[in-house]
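Listed here are the chains, written in short residue letters.
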Amino acid sequence: MTLQQEIVGNAMQMAVVSLQPGQTVYCEAGKFLFKTTNVTMETRLGGPSGGGGQQAQPGGSGSGGMGGLLRQAMGTAMQAGQRALAGESLAFQYFTTQGGEGTVGFAGVLPGEMRALELDGTRAWFAEKDAFVAAESTVDFGIAFQGGRTGRSGGEGFVLEKFTGRGTVIIAGAGNFIDLNPADFGGRVEVDTGCVVAFEEGIRYGVQRVGGLNRQGVMNAVFGGEGLSLATLEGNGRVILQSLTIESLANALRKAQGGDKQGPTGGLFSTNAQ
């Protein structure tokens, strides 16, 4: 059953989901806005993973008795530990309608766009940390750790959110979105590390130094505002980029509050650079 949802708004969008009997949608803590009274809300530490979103029931035929409960508890603890290491919220909120159709609303935390992605079970999607808003319970949520060199070099860290299974997942970003396929641009694009929102499985994500260790490379790093690295996206598949980075938004807010210490150079010499 396809999740019925509508994304409304302009500068700060929200997703309004119509839940049918038997459907469950979950969100990260802090992304819920409103619901009708016939929609129940339950908070859990664990999220769907590895089973199409099916939660084991104590004493059920699939629980395997005490051993099954122990495995379920260990799986929840490992998942919570991964999310804690990634700096993500530990809890998910689950919403299920009772007695007919129900409505629930969600939103991101920054001014910008939202996007509903439809997973058909053949390709996973990866998203930058904090992009996840909500998903059907048939969508599995996981954490993907990039390689050490990529993680240390990338401005967004080495943590990605991974979505598998079948169903709808809703993501959010800052500013406006642009969709592209690296295959349409010679197979590779280079972007600011903070501009990547999400990409399909099959896209190769990496980080490269801005220029070489020469005069122009130093100029790019010091005065260009990009620091030392750019994100690279290669392959054939969908990529979603955002027009506003969290760092640029934070710098604009500090400047508006009279706390801008970036100075005229920006780039590597900014006191606000991460």
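Reading the values: rules and limits
Residues numbered from 1 in each chain as written. Predicted model: local features only at pLDDT ≥ 70, side-chain atom pairs only at ≥ 80, totals over all residues. Heavy atoms only, no water. Core = buried A, V, L, I, M, F, W, Y, C linked by side-chain atoms within 4.5 Å. Buried < 20%, exposed > 50% of the residue type's maximum accessible area, 1.4 Å probe, protein only. Helix = DSSP H or I, 4+ residues; strand = E, 2+ residues; numbered from the N terminus. Pairing = 2+ DSSP bridges. Axes fitted to C-alpha atoms, helices over the stretch in contact; angles between N-to-C directions. Polar contact = N/O pair within 3.5 Å; in protein donor to acceptor, adjacent residues only side chain to side chain. Contact = heavy atoms within 4.5 Å. Phe/Tyr/Trp six-rings, centres within 6.5 Å; stacked < 30°, edge-to-face > 60°. Lys NZ or Arg CZ within 6 Å of the ring centre and 35° of its normal.

### With respect to the nonpolar core
- Core analysis: the largest hydrophobic core is formed by 21 residues, its most contacted members being Y26, F132, F163 and V169.
- By residue number, the principal contributor to this core is strand β12 (residues 159-172), which donates four residues.
- Core analysis: the next-biggest nonpolar cluster, separate from the first, contains 15 residues, L3, C27, F106 and A172 among them.

### Observations concerning the sheet that holds strand β7 (residues 102-107)
- Strands sit in the order β1-β2-β7-β4 across an open sheet of four strands; the sheet is antiparallel. Sheet topology places β1 (4-8) and β4 (32-35) at the edges, where each strand pairs with a single neighbour. On average, each strand axis in the sheet is inclined to that of its neighbour by 20 degrees, with strand direction left out of account.
- One ladder, built from three bridges, connects β4 with β7; its direction is antiparallel. Its bridge partner being in β7, K35 is matched across the sheet by V104.

### Side note on the side chain of N181
- Secondary-structure assignment places N181 in the loop between β13 (177-180) and β14 (188-191).
- Using a relative accessible area of 16% as the deciding quantity, one classes N181 as buried.
- There is a polar contact of 3.1 Å between the side chain of N181 and the backbone nitrogen of G237.
- Not counting residues within four places of it along the chain, the set of residues in contact with N181 comprises G235, N236 and G237.

### Structural notes on the packing of aromatic side chains
- The final tally for this structure, using the stated rule, is 12 aromatic pairs.
- With centroids separated by 5.7 Å and ring planes inclined at 40 degrees, the aromatic side chains of Y26 and F132 adopt a geometry described as tilted. With a gap of 106 residues between them, Y26 in strand β3 (residues 24-28) and F132 in strand β10 (residues 132-136) connect regions that are remote in the sequence. F132 matches Y26 in its accessibility class, with the two residues each being buried.
- One aromatic cluster is present, formed by Y26, F92, Y94, F132, F141 and F163 through successive ring pairs.
- Sitting over the ring of Y94, R44 keeps its end group 3.9 Å from the ring centre.

### Points about the pairing of β12
- Most of β12 is tucked away, with 10 of its 14 residues classed as buried.
- Bridge count between strand β8 (residues 114-120) and β12: seven bridges; the pairing is antiparallel. Its bridge partner lying in β12, L117 is registered against V169.
- In terms of strand pairing, strand β9 (residues 125-128) meets β12 through four bridges, oriented antiparallel. The partner of E128 across the bridge, within β12, is L160.
- Relative to β12, β10 runs antiparallel, the two sharing three bridges. From the neighbouring strand, A135 faces β12, where its bridge partner is V169.
- Looking at chain direction, strand β11 (residues 139-145) and β12 are connected through seven bridges and run antiparallel. Paired with F141 across the two strands is F163, which belongs to β12.

As far as function goes, none of this settles anything; it's purely spatial.
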